[in-house]
Amino acid sequence: MSLTLRTISREQHLAYIQSLPAASHMQVPAWADVKTEWRSESLGWFDASGELVGVGLVLYRQLPKIKRYLAYLPEGPVINWFSPNLEDWLEPMLAHLKQQGAFSVKMGPPVVIRRWDATAIKSGIQDPDVKRLRDVEATHIEPRAFEVSDRLRRMGWQQGEDGGAGFGDVQPRYVFQVPLENRSLEDVHKGFNQLWRRNIKKAEKAGVEVVQGGFDDLPEWQRLYEITAERDQFRPRPLSYFERMWKALNSEDPNRMRLYFAMHEGEAVAAATMLIVGGHVWYSYGASANHKREVRPSNAMQWRMLRDAYALGASIYDLRGISDSLDENDHLFGLIQFKVGTGGQAAEYLGEWDFPLNKLLHKALDIYMSRR
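Given the structure is predicted, the values throughout are model-derived calculations rather than measurements. Each chain has its residues counted from 1, running along the sequence as written. Given that the model is predicted, a residue must reach a pLDDT of at least 70 before its local features are reported, and side-chain atom pairs must reach 80 or more before they are shown or counted; all residues, however, enter totals for whole chains, interfaces and linings. Excluding hydrogens and water, the side-chain figures rest on all heavy atoms present in the structure.

(A) The arrangement of the overall build of the chain in detail. Helix and strand definitions here come from DSSP, where helices need a minimum of 4 consecutive H or I residues and strands a minimum of 2 consecutive E residues; each element is numbered from the N-terminal end. The helix and strand inventory of the chain stands at 12 helices and 16 strands. Relative to its length of 372 residues, the chain is compact, with a C-alpha radius of gyration of 21 Å against a globular reference of 21 Å. Counting only C-alpha atoms, the chain reaches 60 × 50 × 45 Å along its principal axes. Throughout, exposure labels follow a simple rule: accessible area from a 1.4 Å probe, protein chains only, divided by the maximum for the residue type, with under 20% read as buried, over 50% as exposed, and the rest as partly exposed. Evaluated residue by residue, the chain yields a buried proportion of 53% over its 372 residues. We call two residues in contact whenever any of their non-hydrogen atoms come within 4.5 Å of each other. Counting only contacts in the chain whose residues sit at least 6 apart along the sequence, the fraction spanning at least 24 positions is 74%. In these tables, accessible area is a Shrake-Rupley quantity obtained with a 1.4 Å probe, and a residue counts as shielded only by the protein chains included in the view. Summed over its atoms, the accessible surface of the chain is roughly 17,500 Å², and 49% of this surface lies on carbon and sulfur atoms. In the chain, 47 side chains carry a positive charge and 48 a negative one; their mean positions are 3 Å apart. We compute the radius of gyration from the C-alpha atoms alone; for a globule the expected value is 2.2 Å times N to the 0.38, where N is the number of residues. We count Lys and Arg on the positive side and Asp and Glu on the negative side, and we leave His and both chain ends out. The atoms used to mark charge sites are NZ of Lys, CZ of Arg, CG of Asp and CD of Glu.

Structure representation (structure tokens):
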């Protein structure tokens, strides 16, 4: 199979993404405009007949003081990962990136290895001997994913150490998804656990109303998000980031990014952003006030977003990252506990892989990153 690779226009890149059932929101051309501190390039793979058969968004980050770059393809590239000739796809990419001055390449194959349904996760949580998701028997295993992993190793790709929690990668290795394909909304609602169903009812009774916001409502989003950041002790992104994200993504596709608010007695008490690419819908950022938690605004908001995703014809509603810890004393445990109530499934991706084009500089970067 002879494939050629070259830089393509954003229009070609977008048209190809639009021809697919779905792709990661980090592989659409507009994602480059969100990540302004990186230089970007759209790559295209062409078959012998000249047809575009794969794309990738590459972000280049310059090393301090020298004109060499880390090339990063977040949740990409968008190629046929199960091709028996994976080398034919990746070797031209490495050659091209090296020519562009990259000393190291990082990519995140959008390939799921294992899935665990809610029942399997719950039994894992109840078992005192089980501390991690990977200790629970998976409900579904994708044997071809292991072949991809073997092939990457043989080609010289390396997997970063993730400290076991699945958070060592830049993007989460473990995510939580609610499948919507071939299910009725009633099925989806029935899949929620009792607590979720009760909380949705509670919010309804209390008069919580979920509304969609626009660009001008981003300062209100930011207010709730900063309250959340202080409570959960993480560093918040600035308002300018969300404004840039809104403008970049929605100018590419007016329905790429949405903003939701859960209102109670005229006050916004929870908010979330949603991203849409084809049949894949993500709940990407969430925020909530410190008060009025008893009216369950977050459950009401998720149920509305899920229904909207369903109305869009989505096949997956993706609640994004979870840690793989099933230990109730772990500070990240609440995340999986909240998400598992939706009756969806945890998915483990192949994780991120590195290819050192210049071993010395790659090592220097590793040391620099570990000291940050």
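(B) Focus on a positive patch on the surface. Residues forming no salt bridge and having over 30% relative accessible area are the ones grouped into patches, like charges within 9 Å of each other and nonpolar side chains (Val, Leu, Ile, Met, Phe, Trp, Tyr) within 5 Å. Salt bridges are defined by distance alone: a side-chain nitrogen of Lys or Arg within 4 Å of a carboxyl oxygen of Asp or Glu. A cluster of like positive charges, contributed by R198, K202, R293 and R296, occupies part of the molecular surface. Note that R296 resides in the loop between strand 13 (280–288) and helix 10 (297–311).

(C) Broad picture of the sheet that holds strand 13. Each pair of strands is called paired provided DSSP finds at least two bridges between the two strands. Pairing in this open sheet of 9 strands is mixed, and the strands run 7-6-15-9-14-13-12-11-10 from one edge to the other. Edge positions in the open sheet fall to strand 7 (140–141) and strand 10 (209–213), since each of these has one partner strand only. Two elements, strand 9 (residues 174–179) and strand 14 (residues 316–321), share 4 bridges in a ladder whose sense is antiparallel. Note that in strand 14 the partner of Q177 across the bridge is D318. Angular values range over 0 to 180 degrees, each being the angle between N-to-C directions of two axes fitted as lines to C-alpha atoms, with helices fitted over their stretch in contact. Lying over the sheet, helix 9 (residues 239–252) contacts strand 10, strand 11 (257–264), strand 12 (267–277) and strand 13, oriented at roughly 125° with respect to strand 11. Across the sheet, helix 11 (residues 333–340) lies against strand 9 and strand 14, angled at about 170° from strand 14, the strand it touches most.

(D) Spotlight on the packing of aromatic side chains. Side-chain rings of Phe, Tyr and Trp (the six-membered ring for Trp) are treated as a pair once their centres are within 6.5 Å; stacked means planes under 30 degrees apart, edge-to-face means over 60, and tilted covers the remaining angles. This structure, assessed with the given rule, holds 15 aromatic pairs. Between the aromatic rings of W221 and Y225, the centroid separation amounts to 5.2 Å while the plane-to-plane angle is 15°, which identifies the pairing as stacked. Taken together, the residues W221 and Y225, both in helix 8 (residues 218–232) and 4 residues apart, mark about one turn of the helix. Neither residue differs from the other here; W221 and Y225 are each classed as buried. Here the aromatic cluster, defined as three or more aromatic residues joined through ring pairs, consists of W221, Y225, F234, Y241, F242 and Y285. Its end group placed over the ring of F46, R6 keeps NZ or CZ at 3.8 Å from the ring centre. One residue, R39, lies across the ring of Y69, its end atom 4.7 Å from the ring centre. Two thresholds decide whether a charge sits over a ring: the Lys NZ or Arg CZ must be within 6 Å of the ring centre and within 35 degrees of the ring normal.

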